[in-house]
Amino acid sequence: MTIERRGLRGLADWLREDVVAGFLLIAGAAVALVWANSPAGAGYEALRGFTFGPAGLHLDLSVQAWASDALLAVFFFVVGNELKQEFVHGELRNPRRAVLPIVAALAGMAVPAAIYTAVNLHRPEALHGWGIPMATDIAFAVAILAVIGRYLPPALRTFLLTLAIVDDLGAIVVIAVFYTDHVSFAPLLGAAALLGVFGYLQRGRGLAARLNASALPNWAVYLPLAAAIWALLHASGVHATIAGVAMGLLMRTVPLDGETQSPSHAVEHIIRPWSNAVVLPVFALMSAGVVFTGFDTILADSAAVGVILGLVFGKLIGILGGSWLTTRLTAAELSPSLHWIDIAGMALLAGIGFTVSLLITELSFTDLQMVEDAKSGVIIASLLATALSAVVLGIRSAHYRRHGLPVREPERGTGTPD
């Protein structure tokens, strides 16, 4: 192996690290915020508003849309693929543990929406923004968890991944039902059919075996298929990142005869460095550039206050409370490697809302000042959630670094969170 090849392999391995991805994403977000609020802010808006793509396919999208809808679908594929591995081989094989983050995600959506609604009951024109604080930004949350919690139990990351995927799927349903005038079912059915083909190619031994044995490389089949699935979902009006999740969850995680590794692990090995080094930083750069209107203006707007309280406190109450009640009322259990204080820190981290929250903000209001105030509320809430979770999870990470990962007995019956 040449020195150059060893160097490239070392770089790829380095880029696969979650911590590296976290720092690159945070750097992209910081540049976006500074750039958008600087005298050069008009140039930033011009860049992310620049449109390109085939207009005949209704894909003449802005740079910001390509980053948040298309590029981010690659990241969602990686996450969905990793989640599939956990369901088949990892922590989520146990249904009693798998159900907990799912319930936590649902409670973590309902409580922030209720808090926002309560804050804005006196203001009918602001009530339509109840969906804004429901969504957790999985890209930022996972990346920041990697930076501040290097010694935390792996089960906490799996919990967050599962919760955030369910959260995003729920938010997409909310957008489709309450914030979209029309969903086109023909392209939606077309995407579902192609997803069936994708799944069959993963598992159907006949056609899949002939494909693997042919001279045609796999990417020449899967890349056009993935692009078609994404384009059809985008045309349907459904947030197209769901294409990445769906394909990731359909990946085969068990190798067949003659394979040295499963397609799931092989594709992840190839794509993850590109996702971490290109997808996440570009997404952050194009999505995080919100112009602050001034704290006095923001805090005087009940829509912004509702967003902040919903994301910071609503997520904490919903996720922690929903999880704990579920373990008390059902057979669901918390992973023995985790404690409730870990879930509290992760619940604070789930208060980070960017892409979907900002999208729902734009769909909620016609008053431009309310839009700007609510967007600023999303950024303030995300910064607060990051700071508070950094304190809790930083302390827990230091604890695990000193004492290792002692396994506790699963809790049963009544009691209080430790």
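The rules we used
Residues numbered from 1 in each chain as written. Predicted model: local features only at pLDDT ≥ 70, side-chain atom pairs only at ≥ 80, totals over all residues. Heavy atoms only, no water. Core = buried A, V, L, I, M, F, W, Y, C linked by side-chain atoms within 4.5 Å. Buried < 20%, exposed > 50% of the residue type's maximum accessible area, 1.4 Å probe, protein only. Helix = DSSP H or I, 4+ residues; strand = E, 2+ residues; numbered from the N terminus. Contact = heavy atoms within 4.5 Å. Expected span 1.5 Å × (residues − 1). Salt bridge = Lys/Arg side-chain N within 4 Å of Asp/Glu carboxyl O.

1. A short note on the nonpolar core
Thought 1: In terms of nonpolar packing, the biggest core is built from 90 residues, with Phe75 and Ile138 touching the most fellow members.
Thought 2: Looking at this core element by element, the count peaks at 13 residues for helix H7 (residues 154–179).
Thought 3: Not counting the four nearest positions on each side in its chain, Ile138 is found in contact with Phe75, Phe76, Val79, Leu161, Ala164, Ile165 and Asp168.
Thought 4: Within the second largest apolar cluster, 24 residues are counted, among which are Leu61, Ala73, Leu225 and Ala240.

2. Comments concerning helix H10 (residues 218–236)
Thought 1: With 19 residues, H10 extends 27 Å between its outermost C-alpha atoms, agreeing within 8% with the 27 Å of an ideal straight helix rising 1.5 Å per residue.
Thought 2: Within the sequence span of H10, burial applies to Tyr222, Leu225, Ile229, Trp230, Leu233, His234 and Ser236.
Thought 3: In the stretch just after H10, Gly237 is the one whose phi turns positive, near 100 degrees.

3. A few points about the environment of Val391
Thought 1: Relative to the elements of secondary structure, Val391 occurs in helix H17 (residues 368–403).
Thought 2: Judged by its relative accessible area of 51%, Val391 falls in the exposed class.
Thought 3: In this structure the C-alpha to C-alpha distance between Val391 and Gly345, which are 46 residues apart in sequence, comes to 8.2 Å.

4. Focus on the environment of Leu316
Thought 1: With respect to the element layout, Leu316 can be found in helix H14 (residues 302–329).
Thought 2: Take Leu316: its relative accessible area is 23%, and that puts it in the partly exposed class.
Thought 3: Once residues lying within four places of it in the same chain are set aside, the contact partners of Leu316 are Gly321, Ala344, Ala347 and Leu348.

5. Some details on the pattern of salt bridges
Oppositely charged side chains can pair when the atoms bearing their charge come close.
Thought 1: Counting across every chain of the model gives twelve salt bridges.
Thought 2: The partner of Glu125 in a salt bridge is Arg123, with the nearest N and O atoms 3.2 Å apart.
Thought 3: Of the charged contacts in the structure, one is a salt bridge between Arg396 and Asp342, with a shortest N-O distance of 2.7 Å. A residue pair is termed long-range when its members are at least 10 positions apart, and Arg396 in helix H17 and Asp342 in helix H15 (residues 340–349) qualify at 54 residues. Take Arg396 and Asp342: they sit in the same class, and that class is buried.
Thought 4: In this structure, a network of salt bridges that share partners links the residues Glu82, Arg157, Glu268 and Arg272.

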